[in-house]
Amino acid sequence: MKPISLLVLFFILLFSNRAHAQQTLLTGTVTDGSTKETLPYVSYLIVGTTLGGRTDADGKFSISLKGVGNALKFSYVGYKSQTKTIKPGGNQVINVQLMPDAMLMNEVVISAGKKPRYRNKENPAVELIRKVIANKAKNKMENYNFVEYQKYELMKFSLSNLSDKFKNKRIFRNYQFLFQEQDSTQIGGKNFLPVFQEEKLSDFYFKKNPEKTKTVVIADKRVNFDESFIDNKGLTAYFDRMYQDINIYDNNISVVSNQLLSPIADSAPAFYKFFITDTIKNHNPQLIELAFTPRNKTDLLFEGKLYVTMDGNYAIQNAFLTVNKDINLNFVRALEVKLDFEKNPDQRYHLSKSNLIVDFGLSKKSGGGFTGERTVAFKDFKVNVPRADTVYKAAGQLVVVPDASKKSDEFWAINRPEPLSAGSMKIYGNIDTLQTIPSFKRTMDIVTLFFAGYKDFGPFEMGPVNTFYSFNGVEGFRLRLGGRTTPALSKRYYFETYAAYGFKDEKWKYFLSGTYSLNNKSIYAFPQNYIRASFQRDTKIPGQELQFVQEDNFLLSFKRGENNMMLYNDFYRLDYVHEFENHFSYTLGLRKWKQSPAGSLYFSNVTENGLTGRTDHINTTEISLGLRYAPNEKFYQSKVYRTPFVGPDPVFNFRYTAGIKGVLGGEYNYHNFMGSIDKRVYLSQLGYTDVTLEGAYIIGKVPFPLLAIHRANQTYAYQLNSYNLMNFLEFVSDHYASVNLDHNFNGFFFNKIPLLKKLKLREVISFKALYGGLRNENNPDMNPEAMQFVRNDNGQPITNSLNKDPYMEGSVGVGNIFKVLRVDAVKRFNYLNNPDVSDWGIRARVKFDF
């Protein structure tokens with residue numbers, strides 16, 4: 001989880017919630033008293049409370065109580081209710097046999113003998129679901145030429161299943177006003193602590209030909225935390241990613257950053273079992289209750305019930321979706337989706353309300369956790385009402401009216417489809433009050449330092465702490481100290497600096513920048529619009545490009561092989577950055593760059609008399625233009641990096657850099673064109689593939705430090721965008737094309753292997769190929785005037801050009817080890833005769849994922 005607020009709460013919960021109250025664990029199975037068949041989704045309730053739940057698809061249930069209730073009541077449509085006595089304390093197994101209610105049943109069929117094997121062939125439930133699938137197109141919104149409606153969204157997130165002991169801890173002495181009693185609509189335990197809430201009201205427009213959609217947010221109200229600790233927009237984006245709209249007519253449904261196969265997907269009969277469990281004749285039209293369960297309980301599939309209309313539309317009138325307790329989802333203890341549909345004037349159906357509740361926790365059985373709930377209600381649903389083209393202006397974008405966040409309480413009272421509960425109404429004020437309490441501010445300050453790496457001092461913050469100490473082959477032991485100003489000093493002017501010292505090379509490194517915000521917003525907030533001037537003198541490994549981590553991070557100090565080839569760089573920079581709301585951005589830059597070799601790296605040329613001479617430095621002056629387009633991108637803005645949430649939309653990058661000889665000491669003329677495309681491709685039950693295509697072309701005669709130095713990795717961490725068995729500075733090119741494929745199967749194969757599937761491991765494979773080369777003018781083997789490549793002590797070249805064969809490497813790995821670790825066995829396929837290379841290796845990567 002990237003949002004710092006969640007980490008804060010998780011941190012508090014992990015070390016504080018140790019409930020020691022008397023607990024009672026109730027488990028058991030509910031069966032039909034006549035047929036002995038298990039009964040799925042039977043409701044049970046602790047008598048005298050609002051606590052309860054439903055049995056799973058196998059009729060099993062489990063509930064943990066903390067000193068409440070003495071009786072458990074079971075009820076099911078068509079059966080007589082039954083109440084069982086609870087013995088407080090310890091574990092108790094309660095097996096229940098419900099008897100059919102003769103008053104409700106016209107006919108009871110008792111069958112005995114061996115249970116028949118489930119088959120799709122000649123199965124009336126499968127025949128029915130195939131009719132639902134065949135009629136999906138006409139029941140989708142896209143079947144209409146025009147659609148519009150108003151949409152109300154309510155998102156709530158809380159610490160849940162909290163014991164009285166946790167609630168009464170001294171740390172929460174000043175926070176008792178935050179706690180609320182759990183109600184019957186929630187999953188979890190007795191107490192919960194709301195930490196986030198957002199309401200949104202929007203108008204939606206759809207046009208079929210040409211296809212256009214537009215969403216206009218007319219009102220938005222949410223809990224706002226101090227921006228120095230938490231990115232509020234990023235927090236909203238994160239929750240939106242976790243709790244997306246549920247469209248059961250899609251083949252795949254996104255929930256908690258994963259895609260689960262819909263029970264009415266085209267391929268659903270191959271992955272689900274279906275059963276007709278009831279016929280509801282007192283409803284117009286008549287409904288068939290259709291239960292479904294996954295064939296493999298660990299796959300990313302739902303289980304639950306569908307209510308299908310028998311009016312020829314075969315539409316979904318209601319749906320209840322949950323997941324099996326054995327599903328390969330991390331930290332998800334329970335998940336429920338309820339969908340309600342209403343009839344259109346043309347006798348078809350549209351979604352009128354959806355409710356998604358997910359309960360998270362370190363343990364799937366007990367203890368504190370998080371509960372998130374998103375409710376969406378639709379009204380004023382209109383079909384085939386043409387609108388003027390001006391309505392669809394800026395189609396595809398999310399349009400927010402200027403005063404959306406300033407709507408009055410009276411506005412919300414009128415426009416909410418249902419009044420908020422008294423507890424929900426208090427959340428906004430409670431969080432505002434919470435942030436005025438000194439102890440909470442101190443807690444947030446400490447946790448922000450721990451997770452984000454910065455210590456806040458008001459107008460100035462010090463950090464990041466993970467760079468204070470590191471080491472490498474050139475500098476040896478390195479100390480660094482730095483910081484930057486905050487909006488508390490100025491919303492227009494920002495300054496950042498650091499100083500570092502290497503005890504081996506005995507050199508100081510430093511950085512200083514000044515930034516002016518052109519839109520009077522923080523330069524770290526979206527959309528950015530600023531101009532920055534900076535100077536930096538520091539070391540750099542040629543060809544190492546890192547994402548979301550700084551190069552002098554302590555953990556990256558550990559490297560394999562020889563890694564004492566570095567550059568001393570002096571950068572004078574002037575940059576202009578401009579982002580737009582549609583996630584298109586451009587950057588303009590002017591850079592004066594002096595680079596000098598360090599360690600075993602050297603610059604050498606062959607002189608006119610054939611002797612080899614050394615060059616102390618290279619001077620360049622560059623102008624650059626960068627373009628980036630990331631449609632529908634969502635991200636969390638941390639203290640240092642903007643971390644995007646990967647989605648199905650591609651990300652396009654283009655960069656042009658021109659070297660100018662004779663300006664500010666520049667020694668070379670050249671043109672560098674580089675472009676890339678990143679996209680995630682979802683393959684339903686087979687997982688997803690992250691694809692990166694990249695290419696570049698450099699025009700001009702330049703020394704090898706100005707060529708494309710391909711991204712290598714000599715750490716033991718698996719880096720997605722680097723070549724993990726390539727040595728630093730091993731390959732350079734003046735033109736290249738590359739492809740990077742990283743596929744995660746989400747446990748599709750491991751889930752089918754007995755015993756192994758209990759570990760919830762996930763298979764990953766990757767393949768990377770790089771095709772490139774050098775023109776003769778930039779190849780010292782063909783042009784003696786070109787700067788010579790680096791050689792080792794034995795005279796073997798360390799730096800090389802790619803020949804007709806592409807560089808290739810691949811890996812197979814196991815992910816989700818202990819829920820956070822991925823380990824890959826990486827194989828290098830060619831160029832094995834280069835000095836000091838490894839043809840295989842083990843690399844690890846920490847990844848938090850659901």
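*Asks:* Would you mind going over the overall build of the protein chain with me for this structure?
*Replies:* Scanning the protein chain from terminus to terminus reveals nine helices and 47 strands. The buried share of the protein chain, reckoned over its 850 residues, is 51%. Counted over contacts in the protein chain with a minimum sequence separation of 6, partners at least 24 positions apart contribute 63%. When the accessible surface of the protein chain is summed, it comes to about 39800 Å², and 56% of that surface belongs to carbon and sulfur atoms.

*Asks:* In this structure, what is going on with the sheet that holds strand E41 (residues 731-733)? I would like to understand it.
*Replies:* Hydrogen bonds between backbone groups are what pair the strands of a sheet, and the pairing can be parallel or antiparallel. The sheet built from three strands is open, its strands ordered E40-E41-E44 with mixed pairing. Both edges of this open sheet fall to strand E40 (708-709) and strand E44 (800-801), since each of them pairs with a single strand only. Judged from the two bridges that link them, E40 and E41 form a sheet pairing that is antiparallel. For Ala708, the partnering residue across the bridge sits in E41 and is Ser733.

*Asks:* Would you explain the side chain of Glu148 in this entry?
*Replies:* Locating Glu148 in the fold gives a position in strand E9 (residues 146-162). Among the polar contacts made by the side chain of Glu148, one reaches the side chain of Arg387 at a distance of 2.7 Å. Sequence-distant contacts of Glu148, defined by excluding residues within four places in its chain, comprise Phe204, Tyr205, Asp380, Phe381, Lys382, Val385 and Arg387.

*Asks:* Would you mind going over the nonpolar core with me for this structure?
*Replies:* In a soluble, globular protein the nonpolar side chains are often hidden away together inside. Core analysis: the biggest nonpolar cluster contains 86 residues, and Ile248, Phe302, Leu306, Ile316 and Phe360 have the highest contact counts within it. The greatest single-element share of this core, amounting to six residues, is contributed by E9. Once residues lying within four places of it in the same chain are set aside, the contact partners of Ile248 are Ile253, Ser262, Pro263, Ile264, Leu306, Ile316, Ala319, Leu321, Leu339 and Phe341. One finds Met566, Met674, Met726 and Tyr831 within the second-largest nonpolar core, a separate group that totals 22 residues.

*Asks:* Help me out: how do you make sense of helix H2 (residues 124-134) in this one?
*Replies:* Structural remark: α-helix, 3.6 residues per turn; residues separated by three or four positions point the same way. Considered for burial, the residues of H2 that qualify are Ala125, Val126, Leu128, Ile129, Val132 and Ile133. One side of H2 holds all its buried residues, which, seen down the axis, span an arc of 160°. Within H2, the exposed residues directed more than 90 degrees away from the buried face are Pro124 and Ala134. Buried positions along H2 lie against helix H3 (136-139), helix H6 (268-271), strand E15 (272-280), strand E16 (287-294), strand E17 (303-309) and strand E18 (316-322). If you check the start of H2, you find a side-chain oxygen 2.9 Å away from the backbone N of Ala125, and it comes from Asn123.

*Asks:* In this structure, what is going on with the sheet that holds strand E2 (residues 43-46)? I would like to understand it.
*Replies:* A sheet is described by the order of its strands in space; here four strands give the open sequence E3-E2-E5-E6, paired in antiparallel fashion. The outermost strands of the open sheet, each flanked by one partner alone, are strand E3 (52-54) and strand E6 (82-85). Pairwise comparison of adjacent strand axes, ignoring direction, gives a mean angle of 20° for this sheet. Note that E2 and E3 share three bridges and pair antiparallel. For Leu45, the partnering residue across the bridge sits in E3 and is Gly52.

Cut-offs and rules
Residues numbered from 1 in each chain as written. Predicted model: local features only at pLDDT ≥ 70, side-chain atom pairs only at ≥ 80, totals over all residues. Heavy atoms only, no water. Helix = DSSP H or I, 4+ residues; strand = E, 2+ residues; numbered from the N terminus. Buried < 20%, exposed > 50% of the residue type's maximum accessible area, 1.4 Å probe, protein only. Contact = heavy atoms within 4.5 Å. Areas by Shrake-Rupley, 256 points an atom, 1.4 Å probe, with all protein chains shown as cover. Pairing = 2+ DSSP bridges. Polar contact = N/O pair within 3.5 Å; in protein donor to acceptor, adjacent residues only side chain to side chain. Core = buried A, V, L, I, M, F, W, Y, C linked by side-chain atoms within 4.5 Å. Arc of directions from axis to C-beta. Axes fitted to C-alpha atoms, helices over the stretch in contact; angles between N-to-C directions.

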